[in-house]
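# Descriptive analysis of the structure
The lines below spell out each chain.
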Amino acid sequence: MNSNSGTPAEFMKAAVLHEFGSEGQLITESIPLPDVGDSEVLIKVEFAGIGQWDIFEREGGYAEMLEMNVKFPYVLGSEGSGTIVSIGKEVKGLAVGDKVMATGFLNPKGGFYAEFATIDQKYVTLVPPSISIQEAGVISGVGITALRGLEDVLQLKKEESIVVFGASGGVGHLAVQLAKQIGARVFAIASGADGVEIVRQLGIENVVDGYKDDLLSAAKAVEPEGFDAALLTAGGEAVKTIAQMMKADGRIAYPNGVFPLPESDEVKAVSYNGDPDADIISRFTHYVKNGNVRAHLDHSFPLEQASSAHLALKKHYLGKLGLKIS
């Protein structure tokens, strides 16, 4: 293992689970540093993203669904940013001292709710100069999920029209920006007046408040023939209305984890996973670098308040929540 004098001691602070369950199970304690394999890097974490899927993971949903061999203490966190402090001997294109962002869903060596994280180089990329280290910590998981839905599932093309439901949320606020970069006409449905304002600030002209606006009338005003595609990053009654906005051959998709499920007799939607791989990380990073794609960080909690951060996931917030690690 290549390292430098900045390599830490053998223990680190982390928010851990000793059993799956409620947010109260998240406690901060000192645990051993993860080791670094030949193709891995060790990151001193500065910011970690918090996502809705973290709740399902915390409750043991993924462990049960995937029949995982779980070892406790267990560290959550599938995205983060920081500085590389050590690299394996087969790592190429990354060096000690690099500022990086990484996405590692169900990482076997532990997640980003910790002072340090070890992750395979294929999930690590340099922080684009157009975003801050805070944004880098929270942007990749939702960005990759949004891009997977838009490009790979819906196969959205330039000049097509798309509805993004949940446009002021984590996946949604990245989806509207990416869809605009693709060249599609975007109709955004946000949550509340503050949600509408955030989406407008991201450069989206056609945005309505899903809580109070007449969605069907607003949609018909901009796309009287109906929409080519829809990305649902939230569930609920409005999904049935969105189904009425679509062209006969319109495509609808939603990432797994959206609740309540957008499937019904009126709505035929394709579900998908936002799993990271080298290809989609590269594509997403390209959009961030070239398209002024940004993340909105609503609030950042200290690591010791990870349980409070999980409670905040159940309340109204815009964009993303994060943990400030160092």
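Preceding this paragraph is the structure being described.
Quick look at the structure, then. (Residues numbered from 1 in each chain as written. Predicted model: local features only at pLDDT ≥ 70, side-chain atom pairs only at ≥ 80, totals over all residues. Heavy atoms only, no water.)

## What to know about empty space enclosed by the protein
Counted according to the given criterion, the structure contains 1 cavity of 30 Å³ or more. Lining of the largest cavity is provided by Met-101, Ala-102, Thr-103, Tyr-123, Thr-125, Ser-140, Ile-144, Ile-281, Phe-284 and Thr-285. Elements that contribute at least two residues to the lining of the largest cavity include exactly strand E7 (99–103), helix H3 (133–153) and helix H8 (278–291). Among the residues making up the lining of the largest cavity, the classes are represented as 6 nonpolar, 4 polar and no charged. (1 Å grid on protein atoms, 1.4 Å probe; cavity = no way out; pocket = protein on both sides within 12 Å on 5 of 7 lines; lining within 4 Å. Points joined across faces, edges and corners; volume = space filled by probe spheres on them. Helix = DSSP H or I, 4+ residues; strand = E, 2+ residues; numbered from the N terminus. Nonpolar A, V, L, I, M, F, W, Y, C, P; charged D, E, K, R; others polar.)

## Observations regarding the packing of aromatic side chains
What the rule picks out here adds up to 6 aromatic pairs. Ring centres of Phe-72 and Tyr-74 lie 6.3 Å apart, and the angle between their planes is 50°; on these two criteria the pair is classed as tilted. Looking at Tyr-74, the relative accessible area reads 10%, which means it is buried. Residues Phe-187 and Phe-227 carry aromatic rings whose centres are separated by 5.5 Å and whose planes lie at 40° to one another, so their mutual orientation is tilted. With Phe-187 in strand E11 (residues 185–190) and Phe-227 in strand E13 (residues 227–232), this residue pair connects regions lying 40 residues apart in the sequence. Among the aromatic residues, those joined into a ring-pair cluster are Phe-20, Phe-72 and Tyr-74. (Phe/Tyr/Trp six-rings, centres within 6.5 Å; stacked < 30°, edge-to-face > 60°. Buried < 20%, exposed > 50% of the residue type's maximum accessible area, 1.4 Å probe, protein only.)

## A short note on the layout of surface pockets
In this structure, the second largest pocket occupies an estimated 550 Å³ of space. Counting only elements with at least two residues in the lining of the second largest pocket, the list comes to strand E3 (27–32) and strand E5 (74–75). A per-class count over the lining of the second largest pocket returns 14 nonpolar, 6 polar and 4 charged.

## Considerations on the sheet that holds E3
What the 3 strands build is an open sheet, ordered E3-E2-E5; its pairing is antiparallel. Across the chains shown, the open sheet's two edge strands, defined by having one partner strand only, are E3 and E5. As paired elements, strand E2 (residues 11–17) and E3 share 6 bridges and run antiparallel to each other. Note that in E3 the partner of Lys-13 across the bridge is Ser-30. (Pairing = 2+ DSSP bridges.)

## Observations concerning the packing of helix H4 (residues 170–182) against H8
Following both chains from N to C, one finds H4 and H8 inclined at 75°, their axes separated by 11 Å at the closest point. As the angle between them shows, H4 and H8 are arranged roughly perpendicular. Touching Leu-174, Leu-178, Gln-181 and Ile-182 of H4 are Phe-284, Tyr-287 and Gly-291, all from H8. Class assignment for the residues of the contact of H4 with H8 results in 5 nonpolar, 2 polar and no charged. (Axes fitted to C-alpha atoms, helices over the stretch in contact; angles between N-to-C directions. Parallel < 35°, antiparallel > 145°, perpendicular 65-115°, else oblique. Contact = heavy atoms within 4.5 Å.)

## Describing the pairing of strand E10 (residues 161–165)
Along E10, 5 of the 5 residues are buried, which leaves the element largely enclosed by surrounding structure. Residues Ser-161, Val-163 and Phe-165 point to one face of E10 and Ile-162 and Val-164 to the other, with burial holding for every one of them. Taken together, the 5 bridges between E10 and E11 define a ladder with parallel strand orientation. The residue bridging Phe-165 from the neighbouring strand is Ile-189, located in E11. In the classification by handedness, the crossover that spans E10, the intervening H4 and the parallel E11 is right-handed. Note: E10 against E13, 4 bridges, orientation parallel. (Right-handed = clockwise from strand over helix to strand, strands pointing away.)

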